Amino acid sequence: MRRRRLRRLTGTVRRIAADLIARAVLGNGFRPRHHTAFPLADGLYGGPAGPELPLLVLGDSIAASVGASTAEETLGARCAAHLGRAARRPVRLRVLARPGTTTGFMKHQVRRALRHPQPPGIALIIVGGNDIVAGTPLGLAVYALLRHVTRLRAAGWHVLVGTCWDVGDVPAVRHRLRRALSRRSRRLERLQTAAARRAGAVVVPLRDPRHGSRPDLFAADRVHPSALGNALHLEALTAALGECLAHHQGAPGQGVRGSSSGMTPDP
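Because the structure is predicted, anything quoted here is derived from the model rather than measured. (Residues numbered from 1 in each chain as written. Predicted model: local features only at pLDDT ≥ 70, side-chain atom pairs only at ≥ 80, totals over all residues. Heavy atoms only, no water.)

**Student:** Just to check I follow, could you spell out the pairing of strand β5 (residues 158-162) for this structure?
**Tutor:** On a regular strand, one side chain projects to one face of the sheet and the next to the other, so that they alternate. For β5, the buried fraction is high: five of the five residues fall into the buried class. Neither face of β5 is open: one carries His-158, Leu-160 and Gly-162, the other Val-159 and Val-161, and all of them are buried. Bridge count between strand β4 (residues 122-126) and β5: five bridges; the pairing is parallel. Pairing of Ile-125 across the sheet is with Val-161, part of β5. Two elements, β5 and strand β6 (residues 202-204), share three bridges in a ladder whose sense is parallel. Residue pairing in the sheet places Gly-162 in a bridge with Val-204 of β6. Viewed along the sheet, the connection from β5 through helix α7 (residues 175-198) into β6 turns out right-handed. (Buried < 20%, exposed > 50% of the residue type's maximum accessible area, 1.4 Å probe, protein only. Helix = DSSP H or I, 4+ residues; strand = E, 2+ residues; numbered from the N terminus. Pairing = 2+ DSSP bridges. Right-handed = clockwise from strand over helix to strand, strands pointing away.)

Structural data, given as structure tokens:
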């Protein structure tokens, strides 16, 4: 009973803190508790033949695709459909990502993923934006990411990490904060890249100069990616998804060239 009350209190404090941070950073009236809905995209994608390929999506609101209008527009569904076509087999998508998640708090998603009886497949992680705006010490965020990737890899998952994008490019961010948030975002991106590779993940930068000049890449809330923004992320992730697929299908020699990979062939 005491633990349950503590969880409720912690959740309340986190919601209040998120609202206060949003008021300070964003200039468009965005409030996390009113803008957390996202389409549920869990399900089966791709062809009907062959064994299912599990695809996990973990992380924050970018991973969950807050801002998308339909399940088909979500990043998870786009990745699953792409993998289904490439592998010519069905892909079982599970989205455990939740809005407001920091890297440390993502441990609950990893725990849920590893408790599930499904066999390991490909896990996509996108996290870090909330660490930037919440003031999380970047060393702690990176250490948490290293732990998450290590646990997933030890359980047999092939992990793909999309690094923190440039929070300073978000249209709703107050102008006076953009330079500082950009510097912090880029530092976290570098640290995430080194840590995720060290833990055996494939790493893809999601920062793109078009975010700063293309308002159509953002949804109506001017914070989260639109359908076009999710398509841009898929474009960045496509080659790395193929690399993870090659490893999963037992062809580790394919796609391990280049700087994005931290994977080593499975024994």
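**Student:** Honestly, the confidence of the model for the protein in this entry has me stumped. Any pointers?
**Tutor:** Any residue range with low pLDDT should be treated as having predicted coordinates unsuitable for detailed reading. Considering every residue of the protein, the mean pLDDT works out to 84; 81% of them sit at 70 or more. Per-element averaging of pLDDT across the protein places helix α1 (residues 2-25) at the bottom with 49 and β4 at the top with 98. Here residues 251-260 is a poorly scored stretch, pLDDT under 50, and it has 15 contacts once near neighbours within four places are set aside; other chains count. (pLDDT = per-residue confidence, 0-100. Contact = heavy atoms within 4.5 Å.)

**Student:** I keep staring at the sheet that holds strand β2 (residues 53-59) and nothing clicks. Help me out?
**Tutor:** By definition, the strands of a sheet pair up through backbone hydrogen bonds, in either a parallel or an antiparallel sense. Spatial strand order, β1-β3-β2-β4-β5-β6: six strands in an open sheet with mixed pairing. The two strands at the open ends of the sheet, each matched to only one other strand, are β1 (43-45) and β6. Between one strand and the next, the sheet's axes are offset by a mean angle of 25°, whatever the strand orientation. (Axes fitted to C-alpha atoms, helices over the stretch in contact; angles between N-to-C directions.)

**Student:** Any chance you could explain helix α4 (residues 107-115) here in plain terms?
**Tutor:** Each α-helix winds once per 3.6 residues, and so residues spaced three or four apart point in a common direction. Among the residues of α4, those classed as buried are Gln-109, Val-110 and Ala-113. The buried side chains of α4 occupy one side of the element, clustering within an arc of 100° when seen end-on. For α4, the elements touching its buried residues are β2, β3 (91-95) and α6 (138-154). (Arc of directions from axis to C-beta.)

**Student:** I tried to follow a positive patch on the surface on my own but got confused; where do I start?
**Tutor:** A surface patch of like charges, here positive, comprises Lys-107, Arg-111, Arg-115, Arg-147 and Arg-151. Elements with a minimum of two residues in the positive patch: α4 and α6. The greatest single-element share of the positive patch, amounting to three residues, is contributed by α4. By the secondary structure assignment, Arg-147 is in helix α6. (Patch = residues over 30% accessible without salt bridge, like charges linked within 9 Å, V, L, I, M, F, W, Y side chains within 5 Å. Areas by Shrake-Rupley, 256 points an atom, 1.4 Å probe, with all protein chains shown as cover. Salt bridge = Lys/Arg side-chain N within 4 Å of Asp/Glu carboxyl O. Lys, Arg positive; Asp, Glu negative; His and termini not counted. Charge placed at Lys NZ, Arg CZ, Asp CG, Glu CD.)

**Student:** In this structure, what is going on with the pattern of salt bridges? I would like to understand it.
**Tutor:** Oppositely charged side chains can pair when the atoms bearing their charge come close. For the structure shown, the criterion picks out six salt bridges. A salt bridge links Asp-166 to Arg-186, with the nearest nitrogen and oxygen atoms 3.4 Å apart. Of this pair, Asp-166 sits in the loop between β5 and α7 while Arg-186 is found in helix α7, placing the two residues 20 residues apart along the sequence. Among the residues examined, Asp-166 registers a relative accessible area of 2% and is labelled buried. According to the relative accessible area criterion, Arg-186 is partly exposed, its value standing at 38%. Of the charged contacts, one joins Asp-216 and Arg-214 as a salt bridge, the two residues approaching to 2.9 Å between their closest N and O atoms. One salt-bridge network, in which partners are shared between bridges, spans Asp-208, Arg-210 and Glu-235.

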